[in-house]
Amino acid sequence: MSPTSPANPGCPTRRLTTAQALVAFLARQYTERDGRRQRLISATWGIFGHGNVAGIGQALMEAGGGRSTGGGNGGAGNGAAHRMPYLQGRNEQAMVHAAVGYARQSGRLSAHAVTTSIGPGATNLVTGAALASINRLPVLLLPGDTFATRPADPVLQQLEVEYAGDVSVNDCLRPVSRYFDRITRPEALIPAALQAMRVLADPAGTGAVTLALPQDVQAEAYDWPEEFFAERDWHVRRPAPDAHELETAVRAVRSARRPLIVAGGGVRHSAAEETLAAFTAATRVPVASTQAGKGALRHDHPADVGGIGHTGTATADELARTADLVIGIGTRFSDFTTASGTLFANPDVRFLHLNITGFDAHKLAALPLVADARAGLEALTAALAGRGYRVDPAYETEYTGAKEAWEERVEASFATPDPTARPTQTQVLGLLDALVTEDDILINAAGSLPGDLHKLWRTRSRDQYHVEYGYSCMGYEIPAAIGVLLADGARTGPDRPRRPVWALVGDGTYLMNPTEIVTAVQENLPLKLVILQNHGYASIGGLSESVGAERFGTAYRHRDADGGFTGPPLPVDLAANAASLGTRVLRAATVDDLRTVLSEARDASGPTCVYVETETPDTVSGPPPAQAWWDVPVAETASRPAAVKAREEYDRQVAARRRHL
């Protein structure tokens, strides 16, 4: 006869360590939305050290984390459905990036856990956690922690704080987590684990969730109630709008003469793309997109006017300047979107924000419509249907004509008049544009590429454009591509080829975090890595020049006679480095070479790297300049003429800033 739980008399129990119980619990958690059910935590990434090897590491082994069928003394056990697959990372930050890429590709309905040791392994999670929470993407962090019972104090890698005995380095994760708890007793895991799942499955509150696990508690046994291990479904809700807010929104739309939609990442997270298309078909309101929202409409949809803000198109930004109603859908209106408060210039402009969080819905003194993006759009479309609203045909003609003119600028940027020349960065994008189909996925996060992509890329499917610009974290691209490939493989199954997934990185970004190439090789994932070698931080170099800092410290060059960095480029061979990590490398010296090797890489079945040195853009093949301002404060006093001139321009631009009240 099974023992019973002291907390729940009559309830059978199972004796497990805390780590074993946690893994078994996680393997039985599911999300459900619109009738679709899937594992909430489908795998666990881990790098083991003394803080987690005997706890979570041992539990994952028993839970079938390798290629075995699982089972053992109380791991996930009970068949393949409750195994907990294990993924081996090379860098803790990169493991979180991979988990974030997986969660985004999974529509935030499935996530990964990440376990680390104590000390540097745990603190390496902080950057990834910030990225996850800022982008509202779920990831479960399971860092080891110092002994709860303190038999030895301090232990290896323990932070000693004179004024508090209960602080560890894991407390660095508190401000970047949407939920944080430290499990100092086995039984404390039960409420903490349930709260963690609640937050991960909350469409308004999701992000990084941290359960800090003292290494002694991980290995401590406890009689767990069997109910804890029952399968549990977490319904991902679609809250409908309040009737009063909906009626206010309808009146605002009907009174608008020049409305503009700003589509953000919430459109994608809600799977509201078709609903948005139906709304625009009925009203003909144009749709601009943030970095996270790009792809809400296909690039060739009549209402799509491209990216908005500092990295946006001239079409979208000119419409924003004259809009009398800005309808934000699932966007948090960052400074890049608002051009640091200078973009929405119409003195009579009003804002209507459809957002699942009240915090974002009220930004810019907007009329709030707090709801799921799809549910809110469906309600708004239905409410307008019987009232005959549609924008003036002249307005529609205006923005479609402006869109055609912008397409000519895109074509000029992509043009390759000399196929024997070294390509520019935008020409690289043009060659990719000519190659890809709606199956391909492009991943980027930092450097000058996000600006070029936002302005120029022709998005062909809802999930093709994967640019992480909430945190714009260098080093995100390669591990995120691995996460995307894992998510795609989970959907398509082992018998179908994975979609082509491209990680586009500049040299500075590559040097930040190339190690997960090894993981792609280990898992035989067909990662398509494109390294653009431009010998430094090209994006910040351009910004530095614009603010009077004269590209200081942004080039990868030898020192000159005066101690500066203006000597020859450093003889760093990134292609050789990538090859040394196990990937196949294809080098391209010219436009023609690049066209050939990109096609070869797309067809490859294993991890492949395309390496190309890019040329400085010229007036023919360079990207269009920024179509809106971005506030980067310039030195108010300076002795160098470049900085003085830059400050004059700054003062001119900042005078146009306004607060919308």
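Our structure's up above, just so we're on the same page.
Residues numbered from 1 in each chain as written. Predicted model: local features only at pLDDT ≥ 70, side-chain atom pairs only at ≥ 80, totals over all residues. Heavy atoms only, no water.

K.L.:
Sorry if this is basic, but what is going on with the pattern of salt bridges here?
P.N.:
Here the idea is simple: oppositely charged side chains can pair when their charged atoms come close. A full pass over the atoms with the stated rule returns 40 salt bridges. A salt bridge links Arg-390 to Glu-396, with the nearest nitrogen and oxygen atoms 3.9 Å apart. We classify Arg-390 as partly exposed; its relative accessible area is 47%. When salt bridges with common partners are traced through the structure, they connect Arg-33, Asp-34, Arg-238, Asp-372, Arg-374 and Glu-378 into a single cluster. (Salt bridge = Lys/Arg side-chain N within 4 Å of Asp/Glu carboxyl O. Buried < 20%, exposed > 50% of the residue type's maximum accessible area, 1.4 Å probe, protein only.)

K.L.:
Just checking my understanding: could you explain the packing of helix α16 (residues 425-435) against helix α17 (residues 449-456) for this structure?
P.N.:
One can describe the packing of α16 onto α17 by two numbers: an axis separation of 11 Å at closest approach and a directional angle of 50°. In terms of orientation, α16 and α17 fall into the oblique class. Taken as a pair, α16 and α17 cross one another with a handedness that is right-handed. Contact with α16, carried on its side by Gln-425, Thr-426 and Leu-429, involves Leu-449, Asp-452, Leu-453 and Leu-456 of α17 and no other residues of that element. Among the residues making up the contact of α16 with α17, the classes are represented as 4 nonpolar, 2 polar and 1 charged. (Axes fitted to C-alpha atoms, helices over the stretch in contact; angles between N-to-C directions. Helix = DSSP H or I, 4+ residues; strand = E, 2+ residues; numbered from the N terminus. Parallel < 35°, antiparallel > 145°, perpendicular 65-115°, else oblique. Left-handed = near helix turned anticlockwise from the far one by under 90°. Contact = heavy atoms within 4.5 Å. Nonpolar A, V, L, I, M, F, W, Y, C, P; charged D, E, K, R; others polar.)

K.L.:
Would you mind showing me how to read the packing of aromatic side chains here?
P.N.:
To describe a pair of aromatic rings, one takes the distance between the centres and the angle between the planes. Summed over all chains, the structure comprises 13 aromatic pairs. Ring centres 5.8 Å apart and planes at 20° place the aromatic pair Trp-224 and Phe-228 in the stacked group. Of the residues examined, Trp-224 reaches a relative accessible area of 0% and is grouped as buried. Residue placement shows Arg-14 over the ring face of Phe-229; its charged tip is 4.5 Å from the ring centre. Sitting above the plane of the Tyr-30 ring, Arg-37 keeps its charged end 3.7 Å from the centroid. (Phe/Tyr/Trp six-rings, centres within 6.5 Å; stacked < 30°, edge-to-face > 60°. Lys NZ or Arg CZ within 6 Å of the ring centre and 35° of its normal.)

K.L.:
How should I be thinking about the side chain of Thr-206 in this particular structure?
P.N.:
With respect to the helices and strands, the residue Thr-206 is situated in the loop between α6 (189-200) and β9 (208-214). Residue Thr-206 is classed as buried on the basis of its relative accessible area, which comes to 2%. Here Leu-200 takes part through its backbone oxygen, which lies 3.0 Å from a polar atom of the side chain of Thr-206. Apart from residues no more than four positions distant in its own chain, Thr-206 is found in contact with Arg-108, Arg-136, Leu-137, Pro-138, Arg-178, Val-199 and Leu-200. (Polar contact = N/O pair within 3.5 Å; in protein donor to acceptor, adjacent residues only side chain to side chain.)

Treat this as a map of the structure, not an account of what it does.
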